[in-house]
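Okay, here's what each chain looks like letter by letter:
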Amino acid sequence: MALYNIFDISGSGMSAQNIRLNTTASNLANADSISSSINQTYRARHPVFEAVKDSVVRQETALGGVTVKGIIESSAPTRIEYRPEHPLANEDGNVFLPNVNVVEEMANMISASRTYQANVQVADTAKKLLQRTISLGQ
């Protein structure tokens, strides 16, 4: 694996964590949205990551970063609340709220942010190593 691949790997990590932050922000933005039917209720979304295999070296797989395989909806049940005075209440007086767990989403946001920062540090360290390697020849 060439030293330049480090930038591709850390870049793919930053891109994946950016998508994770965006889905978390979407979940938090819709945490209190209300609908009149269970089919129209927002459901929390989460990205699914997959390791990218770069090559096979001596029977061992060398990883080449990460990619987002897809974004799935949470299978947790939505919340139902009795609010007959709400304009979106159905004929039974119920409204439907998303299955977004705000505490879990905040933990995801912190984790994604720290992982993004770690990938930035990897790229920065690789850049410094390359600069020092180039300066050895002078």
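Residues numbered from 1 in each chain as written. Predicted model: local features only at pLDDT ≥ 70, side-chain atom pairs only at ≥ 80, totals over all residues. Heavy atoms only, no water.

Draft legend 1. Spatial organisation of the side chain of Thr78. Relative to the elements of secondary structure, Thr78 occurs in the loop between strand S2 (60–73) and strand S3 (79–82). Apart from the residues within four sequence positions on either side, Thr78 is in contact with Ile38, Thr41, Arg43, Leu97 and Asn99. (Helix = DSSP H or I, 4+ residues; strand = E, 2+ residues; numbered from the N terminus. Contact = heavy atoms within 4.5 Å.)

Draft legend 2. Just the side chain of Asn99, in detail. Residue position: Asn99 is located in the loop between strand S4 (94–97) and helix H2 (102–136). One polar contact links the side chain of Asn99 to the main-chain carbonyl oxygen of Ser74, over a distance of 3.5 Å. A polar contact of 2.8 Å, which involves the side chain of Asn99, links it to the backbone oxygen of Ala76. If we ignore the near neighbours within four places in the chain, the residues touching Asn99 are Tyr42, Arg43, Ala44, Ser74, Ala76, Pro77 and Thr78. (Polar contact = N/O pair within 3.5 Å; in protein donor to acceptor, adjacent residues only side chain to side chain.)

Draft legend 3. Examining helix H1 (residues 5–29) more closely. Given a rise of 1.5 Å per residue, 25 residues ought to cover 36 Å, and the 36 Å separating the end C-alpha atoms of H1 matches this to within 8%. Within the sequence span of H1, burial applies to Ser10, Ser12, Gly13, Met14, Ala16, Gln17, Arg20, Thr23, Thr24 and Asn27. (Expected span 1.5 Å × (residues − 1). Buried < 20%, exposed > 50% of the residue type's maximum accessible area, 1.4 Å probe, protein only.)

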